[in-house]
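# Coordinate inspection notes
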Amino acid sequence: MHLKKLSLVNFKNYEHAELNFSTGFNCFVGDNGGGKTNLLDAIYHLSFCKSFINPIDSQNIKHNTDFYIIQGNFELNEKKEQIHCGFKKGKKKQFQRNKKEYSRLADHIGLLPVVLVSPEDTMLIQEGSDLRRKFIDTIIAQFDRVYLDKLISYNRIISQRNALLKKFAEARSFDKDAIDVWDEQLVELGMVIHEKRVAFLHSFTPIFKKHFEFISQGKEEVSLEYRSQLAGENFKDVLAEAMAKDRIVQYSTAGIHRDDLICTLDEYPIKKLGSQGQRKSFVIALKLAQYDFLKSEKGYRPLLLLDDIFDKLDPSRVVQLMELVNGSDFGQIFITHTHEERLTAVLEGIDDVKIFQVGGGMVKDYSAKSITDDAT
Amino acid sequence: MNFSSKLLEDAVNEFARLPGVGKRSALRLVLHLLRQEEAQAVSLGESLIKMRKELSYCKSCFNISDTDICEICSDSSRDQNLICVVEDIRDVMAIENTQQFKGVYHVLGGIISPMNGIGPDDLNIDSLISKVNQGEINEVILALNTTLEGDTTNFFLFKKLKDANVEITTIARGIAVGDELEYVDDVTLGRCMINRTPYETVLAR
Ligand SMILES: [Zn+2]
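Calculation criteria
Residues numbered from 1 in each chain as written. Chains lettered and ligands numbered in written order. Predicted model: local features only at pLDDT ≥ 70, side-chain atom pairs only at ≥ 80, totals over all residues. Heavy atoms only, no water. Helix = DSSP H or I, 4+ residues; strand = E, 2+ residues; numbered from the N terminus. Rg over C-alpha atoms; globule rule 2.2 N^0.38 Å. Buried < 20%, exposed > 50% of the residue type's maximum accessible area, 1.4 Å probe, protein only. Contact = heavy atoms within 4.5 Å. Axes fitted to C-alpha atoms, helices over the stretch in contact; angles between N-to-C directions. Parallel < 35°, antiparallel > 145°, perpendicular 65-115°, else oblique. Nonpolar A, V, L, I, M, F, W, Y, C, P; charged D, E, K, R; others polar. Donors = N, O, S within 2.8 Å, 3.2 Å for Na, K, Ca; no water. Tetrahedral: all angles 85-135°; square planar, octahedral: opposite > 155°, others 65-115°. Patch = residues over 30% accessible without salt bridge, like charges linked within 9 Å, V, L, I, M, F, W, Y side chains within 5 Å. Areas by Shrake-Rupley, 256 points an atom, 1.4 Å probe, with all protein chains shown as cover. Salt bridge = Lys/Arg side-chain N within 4 Å of Asp/Glu carboxyl O. Buried area = accessible area lost by both parts, 1.4 Å probe. pLDDT = per-residue confidence, 0-100. Pairing = 2+ DSSP bridges.

## Regarding the overall build of chain B
- The helix and strand inventory of chain B stands at eight helices and six strands.
- Scanning chain B from its N terminus toward the C terminus, one meets helices and strands in the order α-α-α-β-β-β-α-β-α-β-α-β-α-α.
- Taken over C-alpha atoms, the radius of gyration comes to 22 Å for chain B, far larger than the 17 Å a tight globule of 205 residues would show.
- Taking the principal axes of its C-alpha atoms as reference, chain B extends roughly 70 × 45 × 35 Å.
- Counting all 205 residues of chain B, 30% fall into the buried class.
- Sequence separation of 24 or more characterises 45% of the internal contacts of chain B that already satisfy a separation of 6 or more.

## Considerations on the packing of helix α3 (residues 129-143) of chain A against helix α5 (residues 176-216) of chain A
Residue and element names in this part refer to chain A.
- Running from amino to carboxyl end, α3 crosses α5 at an angle of 90°, the nearest separation of the two axes being 11 Å. With respect to α5, the element α3 is oriented roughly perpendicular. Between α3 and α5, the contacting residues are Arg133, Phe135, Ile136, Asp137, Ile139 and Ile140 on the first element and Lys196, Arg197, Phe200, Leu201 and Phe204 on the second.
- Of the residues in the contact of α3 with α5, the class split is seven nonpolar, no polar and four charged.

## Concerning the coordination of the zinc ion
All names here are of chain B.
- Bound to the zinc ion are the protein donor atoms Cys58 (SG), Cys61 (SG), Cys70 (SG) and Cys73 (SG), situated 2.2 to 2.3 Å from the metal.
- Considering all four donor atoms around the zinc ion, angles at the metal cover 107 to 113° and the coordination shape is tetrahedral.
- A residue is classified by how much of its surface remains accessible, and cysteine 58, at 1% relative accessible area, is buried.

## A closer look at a nonpolar patch on the surface
Residues and elements named next belong to chain A.
- A contiguous nonpolar surface patch, about 290 Å² in accessible area, is contributed by Ile248, Val249 and Tyr251.
- Along the chain, the position of isoleucine 248 falls in helix α6 (residues 235-249).
- With a relative accessible area of 67%, isoleucine 248 lands in the exposed category.

## Brief notes about the interface of chain B and chain A
- Each side of the interface is counted separately: chain B has 20 residues, and chain A has 20 residues.
- Interface of chain B and chain A: buried area, both sides summed, is about 1,700 Å²; carbon and sulfur atoms make up 63% of it.
- Contact with chain A buries surface across chain B, with Pro114, Met115 and Leu148 of chain B losing the most and accounting together for 31% of the total.
- Here chain B and chain A share four salt bridges between them.
- Aspartate 177 of chain A is the salt-bridge partner of lysine 160 of chain B, the closest N and O atoms lying 2.6 Å from each other.

## Points about the confidence of the model for chain B
- Averaged over all residues, the pLDDT of chain B equals 92, while 99% of them reach at least 70.
- If you check the scores for this complex, the pTM reads 0.84 and the ipTM reads 0.78.

## Here's the deal with the sheet that holds strand β3 (residues 82-86) of chain B
Residues and elements named next belong to chain B.
- In spatial order, the strands read β4-β3-β5-β6; together these four strands make up an open sheet with parallel pairing. This sheet does not close on itself; its edge strands, each paired only once, are β4 (104-107) and β6 (167-170). Shown here is a sheet whose adjacent strand axes are inclined to one another by a mean of 25°, direction ignored.
- Where β3 and β4 come together, four bridges link them in parallel fashion.

## Comments concerning the pairing of strand β6 (residues 94-97) of chain A
Residues and elements named next belong to chain A.
- Direction of pairing for strand β5 (residues 79-88) relative to β6: antiparallel, over a ladder of four bridges. Within the sheet, the bridge partner assigned to glycine 86 lies in β6 and is glutamine 94.
- Bridge analysis of β6 against strand β7 (residues 100-101) gives two bridges, and the strand direction is antiparallel. Across the sheet, glutamine 96 pairs through a bridge with glutamate 101, a residue of β7.
- The antiparallel hairpin formed by β6 and β7 contains two residues in its connecting segment, where asparagine 98 sits at a positive phi of about 50°.

What follows is the structure, encoded as structure tokens:
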């Protein structure tokens, strides 16, 4: 799978831009604030139906205009896929595949998988458990359509249930029938989601370990431990046990929305003990494992977006990472970088490279190294 | 907004309280009424007062009605023992438009949604249960929206009615007429595969 052409109108700092890509490496070079990451964001948008920087669509419109358009021409299994995303202030977002409007955005998730590696990734191990659940959910949702539907329903029920608990507390009353009707659905959904998460981590963890070993050259032992109140328990019992507490605190304290992923290094939580370098290696290994996993589940290669990671990683890790991404395992890659010379040094000896000069909402394609023609 | 007249201001403020109407549109509407014949504005006001004061709900199905028992409930040619449960009058109107249903309705007046402050006690549920418990009803058709809250309300009603001697069904959900299969979302298509219908029943229509 690869992206052949990207067109933008009024998206973020771009009034108009058209880019024809190489099937290998595509590099966006330029100063910070010039719009490099916005190009990655546009590609991400075509995969996930939303921005990874700012999920509020109206704030992604260029100043003094009232709409934006992102369009991508992909090639997937030798078939052309045209994805069109249009948003106008005050209107519902349009999302089309080959000129056919999706009735639900969720139906698009997973068609064109993308893996993003960015400097913010260390938040994954440092911040709250919601980011780690989102990491897991994003991967599973891309190959299991039912999972995303169940998760959306589950979260909606939790909101309804919390509202009900509040209402009980305010009215100093309790209606068993009224809460049972939510709980019975919650149990069914929660059990399925839990099972799918267990199965996912069972096959994901070895892939992650392999990548970490390669990046860190086998110096440390890492692991991922999936922690859930549902482990070895019946969700119905767990929920019943938590009821008294739920009524006091007025929100739902039991369920898969409290799951966490404990990241350990030599058996200690990396959150507390890992060095900065170890943490960076850890999250890059997580992302590369995500890539590998999706590739084997989908049967084709996701797009890899590398945002600013060469600036932030130390040189020895960069060399190893490039060795890795230059192997036959990876398909199309998009990289942002501030220093052109340093980037050229890193890309030494790699074919199929296209370099785009980015700044002030303008993109110049000036590389002669490209082997793809721009006839498209 | 600064008004030169308190009467004008009051009228604008009342209009602006309607859903989807801002101050500017409210002013436009009020000025329009002012330019019309006086009788027209009076007739609008009177019909609103009459509607709000005299309009009532059918004592049997809770649909909006001018009489104690609505036209549908008092129509002897309709099957009074076949009840279709709907959220509000808009659904009654939609189903009536199809001319395919010859039973009667039961209007819940909403669906269960604690986030919107609506619980089972706020809906016309008890009256449905006692209607069914009288034993005359043959079938209850659950025809609520296919949202999570609609499904939850269906489930709640099912739990309340399942021990009564009555058949409980729900309207078919599936592929819109004229849709191509390849564009139907996975969840809907999956449900359609599970809930197949005998071909003969399709022929009958
Ligand atoms: Zn009636």
